[in-house]
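Spelled out, the chains give:
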Amino acid sequence: MDATFFFDPACPWTWRTSRWLVAVAEARGLSIEWRAFSLSILNGGNIPPEYADAVAASTRALRLVEALRAEGRHADAGRFYAELGARTHDAGNPPSGKIVDAAVEAAGLDGLAAALDDERWDEAVHASHALAYGSAGPDIGSPVLMVPDADRGIHGPILTEVPATDDALTLWDNLLPLLRMPAFHEIKRARR
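The structure reproduced in this document is the subject of the present report. All chains use their own residue numbering, which begins from 1 and follows the written sequence. Side-chain atom pairs in this predicted model are given and counted only at pLDDT of 80 or more, local residue features only at pLDDT of at least 70, and totals for whole chains, interfaces and linings cover all residues. Only hydrogens and water are set aside when side-chain values are computed; all heavy atoms of the structure are taken into account.

The next subject is helix α5 (residues 97-106). Within α5, the full set of buried residues consists of Ile99, Val100, Ala103 and Val104. Buried residues of α5, viewed axially, fall in a sector of 140°; they line one side. Of the exposed residues in α5, those oriented more than 90 degrees away from the buried face are Lys98 and Glu105. The contact definition used throughout considers only heavy atoms, calling two residues in contact when any of these lie within 4.5 Å. Helix and strand labels come from DSSP, where a helix needs a run of H or I of at least four residues and a strand needs a run of E of at least two; each type is numbered from the N terminus. Buried residues along α5 sit against α3 (52-70) and α4 (74-90). Here's how the labels work: a residue is buried when its accessible area is under 20% of the maximum for its type, exposed when over 50%, partly exposed in between, all with a 1.4 Å probe on protein chains only. Throughout, the arc means the angular range of directions from the helix axis out to the C-beta atoms.

Here we take up the packing of α3 against helix α6 (residues 122-136). Inter-axis angles, ranging from 0 to 180 degrees, are taken between N-to-C directions of lines fitted to C-alpha atoms, where helices are fitted over the stretch in contact. Between α3 and α6, the shortest axis-to-axis distance is 9 Å and the interhelical angle comes to 85°. Between α3 and α6, the interaxial angle falls into the category roughly perpendicular. Between α3, through Thr59, Leu62, Arg63 and Glu66, and α6, the contact on the second element is made entirely by Asp122, Ala124, Val125 and Ser128. When residue character is reported, Ala, Val, Leu, Ile, Met, Phe, Trp, Tyr, Cys and Pro are called nonpolar, Asp, Glu, Lys and Arg charged, and the others, Gly included, polar. Looking at side-chain class alone, the contact of α3 with α6 contains 3 nonpolar, 2 polar and 3 charged residues. Working definition: roughly parallel below 35 degrees, roughly antiparallel above 145 degrees, roughly perpendicular at 65 to 115 degrees, and oblique for all remaining angles.

Moving on, we come to the pairing of strand β2 (residues 32-36). In terms of burial, β2 is a largely internal element, 5 of the 5 residues being buried. In β2, alternate side chains face the same way, and those of Ile32, Trp34 and Ala36 on one face and Glu33 and Arg35 on the other are all buried. At least two DSSP bridges between two strands are needed for those strands to be called paired. With 5 bridges connecting them, strand β1 (residues 3-7) and β2 associate as parallel partners. Each residue of the ladder has a partner; that of threonine 4, found in β2, is glutamate 33. Every crossover in which the path from the first strand over the helix to the second runs clockwise, viewed with the strands pointing away from the viewer, is termed right-handed. Crossover β1 to β2 through helix α1 (residues 12-28) is right-handed.

Looking now at the sheet that holds strand β3 (residues 144-146). What the 4 strands build is an open sheet, ordered β2-β1-β3-β4; its pairing is mixed. Only two strands of the sheet have a single partner each, and these edge strands are β2 and β4 (154-155). Packed onto the sheet, α4 meets β1 and β2 and runs at close to 65° relative to β2.

This next bit is on the layout of surface pockets. Cavities and pockets were defined on a 1 Å grid built from protein atoms only: a cavity is a group of points that admits a 1.4 Å probe but offers it no way out, a pocket is an open group of points flanked by protein on both sides within 12 Å along at least five of seven lines, and a lining residue is one with an atom within 4 Å of any such point. Grid points are joined across faces, edges and corners, and a volume is the space filled by probe spheres set on the points. Space inside the largest pocket adds up to approximately 1,400 Å³. In this structure, the largest pocket is lined by 36 residues; those nearest its centre are His155, Pro157, Ile158, Ile187 and Lys188. Where the lining of the largest pocket is concerned, the elements lending two or more residues are β4 and α7 (165-179). Top contributing element to the lining of the largest pocket by residue count: α7, with 5 residues. Split into classes, the residues belonging to the lining of the largest pocket amount to 19 nonpolar, 8 polar and 9 charged. There is about 370 Å³ of room inside the second largest pocket. In terms of lining, the second largest pocket is formed by 22 residues, of which the most central are Ala10, Leu39, Tyr51, Ala54 and Val55. For the lining of the second largest pocket, the secondary-structure elements that each account for two or more residues are α2 (39-42), α3 and α4. Ranked by the residues each element gives to the lining of the second largest pocket, the list is headed by α3, at 5 residues. Residue composition of the lining of the second largest pocket, grouped by class: 10 nonpolar, 9 polar and 3 charged.

Glancing now at the pattern of salt bridges. Where charged atoms of side chains with opposite charge meet at close range, the side chains can pair. Basic side-chain nitrogens of Lys or Arg form a salt bridge, by our definition, when they fall within 4 Å of a carboxyl oxygen of Asp or Glu. Applying the stated criterion across every chain, the model contains 11 salt bridges. For arginine 28, the salt bridge is made with aspartate 173, and the minimal N-O distance between the two is 2.6 Å. Of this pair, arginine 28 sits in helix α1 while aspartate 173 sits in helix α7, and the two are 145 residues apart along the sequence. One salt bridge in this structure joins aspartate 101 and arginine 60, with 2.9 Å as the shortest N-O distance. Of this pair, aspartate 101 sits in helix α5 while arginine 60 sits in helix α3; the two residues are 41 residues apart in sequence, bridging distant segments of the chain. By relative accessible area, arginine 60 is classed as buried at 14%. Because the salt bridges share partners, they merge into one network encompassing Glu71, Arg73, Asp76 and Arg79.

Set out below in structure tokens:
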């Protein structure tokens, strides 16, 4: 894999970053490994009631992501996330169980739909989350990006919009050397 992208599908910032990474992957012929990062785990399960449905939907989706990863089906995981994000973030809908089910069907993954409600996948989700958090944490959230030959991952990049292809590639080309530089720690500016 050329990049490993740990994500919580409920996060709109993560969705934008994923679309940037997909554009880069398409332009450069890169492969992406899609992995679970859980904002519920990050927050110790302390989720405000108004986000309970979104968290439940995200939990189900992340089980499927890890089930697909276990079978080496990274492209299928990416296609599932694309279908899910289009139905939530692009359409302005909060994640829900119904939307997760529709994304599974649209991605042609009905055969693995049982993983959505199989709590045995929760251990794999926790392990994936721990890997991402250990790589880029503490004080991070979703997404986490890891690349080969880098000692640590990073939280982000956090994007306010999906950049055009030229800007997407410029960001990637400048981010890679930073990721691989052990002395690099952080670049940050406030959101507007």
